[in-house]
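For reference, the chains in residue letters:
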Amino acid sequence: MNRIISPKNAQKIMKGVFWASGILTIVIMLVIIGYILLKGLPVVNLNFLISDPVDSGASGGIAPMIVSTIYVTLIAVIVATPIGVGAAVYLTEYTEENNVVKLIRFGSETLASVPSIVFGLFGLSFFVIFLKMGWSLLSGGLVLALMALPTIFQVAEVTIRSVPRSYSEGSLALGATKWQTVYRVVLPASVPGITTGIILGMARAISEAAAIMFAVGSALAMPLSIFDPGRPLPLHLYILATEGISLDNAYGTAAVLVLIVLAITVLTNTLVERYSKRMMGR
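This structure is a prediction, so every number in the text was calculated from the model and none was measured.

Caption draft 1: Region of the structure containing the overall build of the protein chain. Helix and strand counts for the protein chain come out as ten helices and two strands. Ordering the α and β elements of the protein chain from the N terminus gives α-α-β-β-α-α-α-α-α-α-α-α. By sequence separation, contacts in the protein chain at least 24 residues apart represent 74% of the contacts at least 6 residues apart. Carbon and sulfur atoms make up 69% of the accessible area of the protein chain, which totals about 15,900 Å².

Below, the structure is given as structure tokens:
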């Protein structure tokens with residue numbers, strides 16, 4: 001039977017499909033970001049960034065929201081990163097494939113698929129009520145840490161496994177201990193990938209509203225410590241838009257949030273690229 005499409009033509013067709021998919025993804029991203037910035041940037045100015053909200057956010061600025069966002073994001077990253085990377089190192093370097101390893105991976109995959117609103121309810125019942133932390137940035141940050149944990153863990157595990165075994169074998173052959181090999185050889189070689197996982201975890205943490213709305217307290221005042229209630233940017237955006245308080249300020253808040261995420265992504269990617277070049281001796 002004659003072939004309808006030759007392998008060479010099939011290759012060209014699929015290459016075109018993949019190119020079209022990639023271009024479509026970029027176009028969708030640019031349309032969304034461009035629309036938000038187009039509607040929101042006219043609202044953003046210095047006063048908007050450094051002043052407190054007035055009339056529940058109908059006017060005024062978003063300074064307390066920016067500070068609250070920084071607090072909860074840093075808490076999430078500081079808590080989730082060592083746990084996620086530590087679990088990844090344990091699974092890749094200190095244990096063989098067994099039921100415990102399978103259980104840890106299953107737990108991570110399950111945690112990643114849990115809806116964010118469920119994390120919020122858990123944070124309310126466990127951190128706010130059971131542990132008596134109250135509505136605070138600490139409670140909200142710990143909830144976000146639980147959400148970011150599976151992303152950081154999964155990316156770190158894949159990255160550490162991708163490090164050539166010859167690196168570890170050479171280190172051990174020179175007399176280094178297991179921990180020295182992990183600390184001096186494996187982890188430095190995994191820094192770019194682990195950083196990518198941290199960025200993804202931060203991106204999820206910094207953009208969540210449903211997960212923290214029950215734990216953070218939604219206060220409009222400037223938080224002075226992590227034990228004070230607050231209102232991060234995503235939650236402020238949600239309240240402004242859904243309650244019809246100010247659509248203009250909602251777009252302005254969204255634009256600031258997008259710019260923060262873009263700035264974090266660009267900065268960390270630049271630092272990772274420089275680190276990779278230095279590791280390669282360039």
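The discussion continues.
Caption draft 2: Structural detail: the UniProt feature "transmembrane region" (unreviewed entry) in the protein chain. Here the UniProt feature "transmembrane region" (unreviewed entry) sits at residues 16-38, 58-91, 111-131, 137-156, 209-227 and 250-272. Counting secondary structure, residues 58-91 comes out at 85% helix and 6% strand; the distance between its end C-alpha atoms is 50 Å. Secondary structure content for residues 250-272 is 100% helix and 0% strand, while the C-alpha to C-alpha distance between its ends is 33 Å.

Caption draft 3: Region of interest: the packing of helix H3 (residues 63-93) against helix H6 (residues 137-162). Two elements in contact, H3 and H6, have axes whose closest approach is 6 Å; the angle formed by their N-to-C orientations is 35°. The interaxial crossing formed by H3 with H6 has right-handed handedness. Of the residues belonging to the contact of H3 with H6, the class tally is 23 nonpolar, six polar and three charged.

Caption draft 4: Local environment of the UniProt feature "domain: ABC transmembrane type-1" (unreviewed entry) in the protein chain. The sites that carry the UniProt feature "domain: ABC transmembrane type-1" (unreviewed entry) are, in the present numbering, residues 66-272. Between the end C-alpha atoms of residues 66-272 the distance is 25 Å, and the span holds 76% helix and 0% strand.

Caption draft 5: Summary view of the packing of aromatic side chains. A complete count under the given rule lists six aromatic pairs for this structure. Centre to centre, the rings of Phe 126 and Phe 127 are 5.2 Å apart; their planes meet at 70°, and the pair counts as edge-to-face. Through a chain of ring-to-ring contacts, the aromatic side chains of Phe 122, Phe 126, Phe 127 and Phe 130 assemble into a single cluster.

Caption draft 6: Up close: the side chain of Glu 93. Locating Glu 93 in the fold gives a position in helix H3. One polar contact links Glu 93 to Lys 178, side chain to side chain, over a distance of 3.3 Å. Leave out the neighbours within four places in its chain, and Glu 93 touches Ile 160, Arg 165, Ser 168, Lys 178, Val 182 and Val 186.

Basis of the calculations
Residues numbered from 1 in each chain as written. Predicted model: local features only at pLDDT ≥ 70, side-chain atom pairs only at ≥ 80, totals over all residues. Heavy atoms only, no water. Helix = DSSP H or I, 4+ residues; strand = E, 2+ residues; numbered from the N terminus. Contact = heavy atoms within 4.5 Å. Areas by Shrake-Rupley, 256 points an atom, 1.4 Å probe, with all protein chains shown as cover. UniProt positions renumbered as here; feature names shortened; annotations may be inferred. Axes fitted to C-alpha atoms, helices over the stretch in contact; angles between N-to-C directions. Left-handed = near helix turned anticlockwise from the far one by under 90°. Nonpolar A, V, L, I, M, F, W, Y, C, P; charged D, E, K, R; others polar. Phe/Tyr/Trp six-rings, centres within 6.5 Å; stacked < 30°, edge-to-face > 60°. Polar contact = N/O pair within 3.5 Å; in protein donor to acceptor, adjacent residues only side chain to side chain.

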